[in-house]
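Analysis of the macromolecular model
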Amino acid sequence: MTKFTLADLDAIIAKRADSNDEMSYTRKLIGKGVAKCAQKLGEEAVEAAIAAVQQDRDELTGEAADVLYHLLVVLKVADVALEDVMEELARRTGQTGLEEKASRLQD
Ligand SMILES: N=c1c2ncn([C@@H]3O[C@H](COP(=O)(O)OP(=O)(O)OP(=O)(O)O)[C@@H](O)[C@H]3O)c2ncn1[C@@H]1O[C@H](COP(=O)(O)O)[C@@H](O)[C@H]1O
């Protein structure tokens, strides 16, 4: 089985968002608008944070999946391409996080 990527999930979300399938959660959530999508992302992020603090690795695995899915939905609704986010992450590999922070503090 080839590795399932965020880009694969992003393509599924795009397809389901445009479907007329009443059983699509993606379609239903997007239909509620960006505020609801963002609220769900926030909720899932908090649930993931709680699972991490509770050192519940199985729970965190599931909540992390929820966060990534809901983040992709928010990006879709906000018209931000996943590719652009990945390019930004690639750009950041050019320096450490602390070097980046120090460069901002100098500005
Ligand atoms: N990865 C996911 C995924 N992760 C979580 N969820 C759904 O997110 C929902 C979260 O439920 P909650 O009760 O937390 O939230 P809620 O139903 O909005 O209820 P409230 O918070 O409003 O009370 C559940 O229905 C989960 O199934 C997902 N729904 C879909 N996907 C992927 O997207 C594909 C397409 O899904 P559909 O659009 O549903 O066909 C699926 O095949 C999966 O690959």
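Remember, predicted model here, so these are calculated numbers, not experimental data. (Residues numbered from 1 in each chain as written. Predicted model: local features only at pLDDT ≥ 70, side-chain atom pairs only at ≥ 80, totals over all residues. Heavy atoms only, no water.)

**As for the packing of aromatic side chains**
By the definition in use, this model includes 1 aromatic pair. Between Tyr-25 and Tyr-69, the aromatic rings sit 6.2 Å apart at their centres with planes inclined by 40°, giving tilted as the arrangement. One end of the pair, Tyr-25, is in helix H2 (residues 25-31); the other, Tyr-69, is in helix H4 (residues 57-77), and 44 residues separate them in sequence. (Phe/Tyr/Trp six-rings, centres within 6.5 Å; stacked < 30°, edge-to-face > 60°. Helix = DSSP H or I, 4+ residues; strand = E, 2+ residues; numbered from the N terminus.)

**Digging into the packing of helix H3 (residues 34-53) against H4**
In a pair of packed helices, the angle between the axes and the distance between the axes together describe the arrangement. Interhelical geometry of H3 versus H4 gives an angle of 160° and a closest axis separation of 8 Å. With respect to H4, the element H3 is oriented roughly antiparallel. The handedness of the crossing between H3 and H4 is left-handed. Contacts between H3 and H4 involve Val-34, Cys-37, Ala-38, Lys-40, Leu-41, Glu-44, Ala-45, Glu-47, Ala-48, Ala-51 and Ala-52 from the former and Glu-59, Leu-60, Glu-63, Ala-64, Asp-66, Val-67, His-70, Leu-71, Val-73, Val-74 and Val-77 from the latter. Tallied by class, residues from the contact of H3 with H4 come to 15 nonpolar, 1 polar and 6 charged. (Axes fitted to C-alpha atoms, helices over the stretch in contact; angles between N-to-C directions. Parallel < 35°, antiparallel > 145°, perpendicular 65-115°, else oblique. Left-handed = near helix turned anticlockwise from the far one by under 90°. Contact = heavy atoms within 4.5 Å. Nonpolar A, V, L, I, M, F, W, Y, C, P; charged D, E, K, R; others polar.)

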